[in-house]
Amino acid sequence: MLEARPEVSDLHSIESARVPLMRFKFNGVSVDFPYAQLPVINAAEAIHANDPRLLEKVDEASWRCLSGVRVNRQIMQLVPNMKKFQLLLRCLKLWARKRGIHCHLVGFFAGIHLAVLGAYVCRRHPNATANTLLCRFFEIFSHWPWPLPVSLHEQTPLWSPDGCSLMPIVMPCYPPEFCASNVTKSTFNKIKEELWRGLSLTKDTSSVDIDWSWIFAPFPYGAKYKHFLRIVLSAPTTEELRDWVGWVKSRFRSLILKLESLNIGCDPNPSEQVDHTIGEPNAVFLWGLIMYSNTQICTTSLKEDFMRSVTNNIYGKEKCAHSDIELSVVGMPQVPKSMSDHPAYLQKLPNLPPRMLGYPPMRQGCNAVG
């Protein structure tokens, strides 16, 4: 039905994900359309998705899909001013996208994380202007004593699933649950760095000289990293590529954790590139690498290890039969111009703590070998 709509493009389904969904663009707007199977015959009854009697009967995947609906409704009841909250949330999403920290699959923020954090700020400062709310966001969460959970209620879950222990954020629903998270040590470090950067640019709320455009300046990957992990995903057709990319991205966390186990930090840039020198439809990802020691990367063994995660079920094995992954370590000359162009950003951050100006520099004599 969706494929028949002229407004819909880039449609692909991910049936085997933890949250089964269809992902597409509707008139250019990206949409994640999750699927939940409810124990009702009449579709009109589905509007009562918060009914505890229904929730007791759904399977685990449907429960996760319905969590977003339940949380959205709860947040709408909790925030003191909906218009200010919506404006703050738009700003936070723009900031996260521009700074390369808005992609749940690679260990950064999902929309639900930013919604809960934004709602927390709005509840703490009910009379603040939208500008002040954004400043307070950076002030509060740059100093937040992680792993203390962020919660809009007094109740918090008694346990934390894998990936939630670094930045636990509680969904405002009953029973309380942690937001699903893929945060790792590397992505946690970058999120903290960006929160400190935001604080340095906004902490003087009395100043009329705040340059808001700097808050939303694109992240300068070319200035921060000398080496990148290049991930090329290819498939015979565009439709197969969309499914392949969606599936492999859902396994990216295992690749990040493998790099970290090798004492290599990673900044997984969520944006996709296209290599026009490759004949098949393809998507290219470039992740900044941080070498904490004199470590060499064997991309052959790295790929073998990652492929075990990609092909760990029938769905992955079927997709892999017609599609491909290539891993390599590249330097700045192989990075697209869009990533290598950057402003002289450090001069704008005179009060940023030295440890937050960037990740540890590449040590002398450290080689990244593909």
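No experiment lies behind these values; they were computed from the predicted model shown.

Q: Give me the overall build of the protein: which residues, what numbers.
A: Per the secondary structure count, the protein includes 13 helices and nine strands. Counting only residues that meet the buried cut, the protein has 48% of its 370 residues in that class. Excluding contacts between residues fewer than 6 apart, the proportion of contacts in the protein whose partners are at least 24 apart in sequence is 66%. Carbon together with sulfur atoms contributes 54% to the accessible area of the protein, which is approximately 18900 Å² in total.

Q: For helix H5 (residues 130–142), give the residues involved together with the corresponding values.
A: Along an α-helix, a turn takes 3.6 residues, which lines up residues three or four apart on a common side. When the terminal C-alpha atoms of H5 are compared, their 19 Å separation across 13 residues agrees well with the 18 Å that a helix rising 1.5 Å per residue should span. Looking only at H5, the buried set comprises Leu133, Leu134, Cys135, Phe137, Phe138, Ile140, Phe141 and Ser142. Where H5 is buried, its residues meet helix H3 (82–98), helix H4 (111–124), helix H6 (185–202) and helix H7 (212–215).

Q: Residues and numbers for the pairing of strand E3 (residues 29–34), please.
A: With six bridges joining them, strand E2 (residues 21–26) and E3 adopt antiparallel strand pairing. Bridge pairing in E3 links Phe26 to Val29. In this antiparallel pair of consecutive strands, E2 and E3, the connection spans two residues, and Asn27 shows a positive phi of 55 degrees.

Q: Can you break down the pattern of salt bridges residue by residue, with the values?
A: A side chain of one charge can pair with a side chain of the opposite charge when the charged atoms of the two come close. A full pass over the atoms with the stated rule returns 15 salt bridges. The partner of Asp32 in a salt bridge is Arg23, and the shortest N-O contact between them spans 2.6 Å. Using a relative accessible area of 45% as the deciding quantity, one classes Asp32 as partly exposed. A salt bridge links Glu193 to Lys224; the shortest N-O distance between them is 2.7 Å. In this pair, Glu193 sits in helix H6 while Lys224 sits in helix H8 (residues 221–224), placing the two residues 31 residues apart along the sequence. The same class applies to Glu193 as to Lys224, namely buried. Through salt bridges with shared partners, a single network forms among Asp10, Lys25 and Arg242.

How each quantity is defined
- Residues numbered from 1 in each chain as written.
- Predicted model: local features only at pLDDT ≥ 70, side-chain atom pairs only at ≥ 80, totals over all residues.
- Heavy atoms only, no water.
- Helix = DSSP H or I, 4+ residues; strand = E, 2+ residues; numbered from the N terminus.
- Buried < 20%, exposed > 50% of the residue type's maximum accessible area, 1.4 Å probe, protein only.
- Contact = heavy atoms within 4.5 Å.
- Areas by Shrake-Rupley, 256 points an atom, 1.4 Å probe, with all protein chains shown as cover.
- Expected span 1.5 Å × (residues − 1).
- Pairing = 2+ DSSP bridges.
- Salt bridge = Lys/Arg side-chain N within 4 Å of Asp/Glu carboxyl O.

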